[in-house]
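Remarks on the overall topology
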Amino acid sequence: MAAAIVRFRGIGLKVTAFVPHRGFASTLDGTKDGQPDGIKKSVFISQSSDIFTNLALEDWIYRNFNFKNHHILMLWSNNPCVVIGRHQNPWVEANISALDSNGIVLARRNSGGGTVYHDRGNLNCTFFTPRDRYNRKYNLNLITRALFREWSIKADISDRDDILFRGKKISGTAAKLGQPNAYHHCTLLVNTNKDQLHQALAKEQNDIHSRATKSVPAQVKNLTDANKQVNVPQLLSAIGYEFLRTNATELIDGGRELVMKQRGFQLINPTEKWFPGITALKDNFEAWDWRYGRTPKFHVEKMIELKSKEKIHSMKLHVDVEGGIMTDIKLILGHGGGEGIPVVSSLKGREYSDDNLNGIIVALKGVSAENVKLAMNNL
């Protein structure tokens with residue numbers, strides 16, 4: 001038995017509440033009586049607004065479903081958060097201090113790509129297919145078709161697979177390509193708080209040297225700037241119906257007739273009862289070790305000034321960070337290079353943060369320049 005279905009109405013759509021039985025993932029392979037290519041489609045609407053729960057749901061679906069004869073579009077929205085790519089450095093990509101003070105969480109997703117800001121004025125779309133049917137151009141064109149069909153908004157797809165309106169970015173894109181499954185996801189700016197977005201993504205002032213993937217800055221625009229009538233629930237409906245009415249492998253419009261052959265809209269409640277193991281996935285996404293500890297090795301340099309009786313001496317503080325932990329701290333005289341002098345600090349071995357970095361600087365300012373120079377001469 002595949003899944004028990006309870007009928008009701010929500011957000012203006014005829015949808016179903018997804019109530020799966022044990023082993024349901026293997027039963028959703030689809031049948032050969034759907035559309036011409038034999039593939040059926042579902043639109044999953046997450047009922048969670050928690051970024052870690054939604055990332056866990058996305059990962060659970062990716063790990064457990066068979067998409068051979070069943071493609072899925074997951075639609076989801078989050079409370080304010082910043083989401084970095086799998087291989088990015090959070091201290092390079094976001095203003096961590098501002099996030100903490102504003103109660104905005106930082107998350108790291110499983111896919112690559114750049115950093116994005118989410119709030120309830122965003123709609124996130126995840127397209128699940130087998131790896132051999134992965135086609136992000138198909139997905140992006142499906143979205144632009146929905147925008148034009150519903151609001152006559154003419155959006156363009158850039159060479160970087162961003163969606164643009166009049167040259168400004170309304171959607172970024174990323175992907176996870178595995179075997180046998182893959183997904184492509186993107187976020188659409190509907191009426192996002194752009195002031196909060198810019199503040200959250202403002203770069204820290206420290207000189208960070210990192211090989212982590214860096215985001216490409218871009219000017220952004222909300223869809224409400226193009227048409228004030230656009231809202232998240234209606235956009236969810238428009239993209240969902242465009243997905244259901246379109247042939248699974250070609251951008252061919254099958255209209256209402258094809259929609260009626262699909263599995264339709266389903267409200268998803270991402271709980272342990274129906275998605276065994278999702279709590280462990282959520283805990284992993286929420287853990288410091290994943291969000292910060294997975295940052296590729298980097299180092300931070302900051303010029304500081306130490307006073308002596310004669311003058312002020314400029315020195316460079318150099319801090320190595322590995323796994324998010326400060327592993328080595330040293331001072332380098334002037335602007336030159338060299339080995340420098342090791343700094344003995346109780347903060348060595350602690351998590352890297354602005355507060356801990358400033359703690360080292362404050363402690364060093366209590367050391368005389370003469371003592372530092374003497375120590376360096378004795379190296």
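Residues numbered from 1 in each chain as written. Predicted model: local features only at pLDDT ≥ 70, side-chain atom pairs only at ≥ 80, totals over all residues. Heavy atoms only, no water.

1. Concerning the side chain of E93
- Tracing the sequence through the fold places E93 in helix α2 (residues 90-93).
- Given the relative accessible area of 2%, E93 is considered buried.
- There is a polar contact of 3.2 Å between the side chain of E93 and the side chain of Q88.
- Sequence-distant contacts of E93, defined by excluding residues within four places in its chain, comprise I84, Q88, T115, L201, K203, T213, K214 and S215. (Helix = DSSP H or I, 4+ residues; strand = E, 2+ residues; numbered from the N terminus. Buried < 20%, exposed > 50% of the residue type's maximum accessible area, 1.4 Å probe, protein only. Polar contact = N/O pair within 3.5 Å; in protein donor to acceptor, adjacent residues only side chain to side chain. Contact = heavy atoms within 4.5 Å.)

2. Topic: the nonpolar core
- Counting 35 residues, the largest nonpolar core has V82, L99, L106, L317, L331 and Y352 as its most contacted members.
- If you list the elements that add at least two residues to this core, you get β5 (81-84), α2, α3 (96-102), α5 (194-200), β15 (298-307), β16 (312-322), β17 (325-333) and α11 (354-364). (Core = buried A, V, L, I, M, F, W, Y, C linked by side-chain atoms within 4.5 Å.)

3. Section: the sheet that holds strand β13 (residues 207-210)
- The sheet built from 5 strands is open, its strands ordered β13-β15-β16-β17-β18 with antiparallel pairing. A single partner strand is all that each edge strand has here, and the edge strands are β13 and β18 (341-342).
- In this structure, β17 lies alongside β18, joined through 2 bridges in antiparallel fashion. Opposite K330, over in β18, you have P342 as the bridge partner.
- Against the sheet, α11 makes contact with β15, β16 and β17, and its axis sits at roughly 30 degrees relative to β15, the strand it touches most. (Pairing = 2+ DSSP bridges. Axes fitted to C-alpha atoms, helices over the stretch in contact; angles between N-to-C directions.)

4. Notes on the packing of helix α4 (residues 136-151) against helix α7 (residues 232-245)
- Where α4 meets α7, the closest approach of the two axes is 9 Å, and the angle between their N-to-C directions is 120 degrees. One way to sum up the angle between α4 and α7 is to call them oblique. Judged by the sense of rotation from one axis to the other, the crossing of α4 with α7 is right-handed. Along the contact surface, α4 presents L142, I143, R145, A146, L147, R149, E150 and W151, while α7 presents Q234, L235, A238, I239, E242, F243 and R245.
- In terms of residue class, the contact of α4 with α7 is made up of 9 nonpolar, 1 polar and 5 charged. (Parallel < 35°, antiparallel > 145°, perpendicular 65-115°, else oblique. Left-handed = near helix turned anticlockwise from the far one by under 90°. Nonpolar A, V, L, I, M, F, W, Y, C, P; charged D, E, K, R; others polar.)

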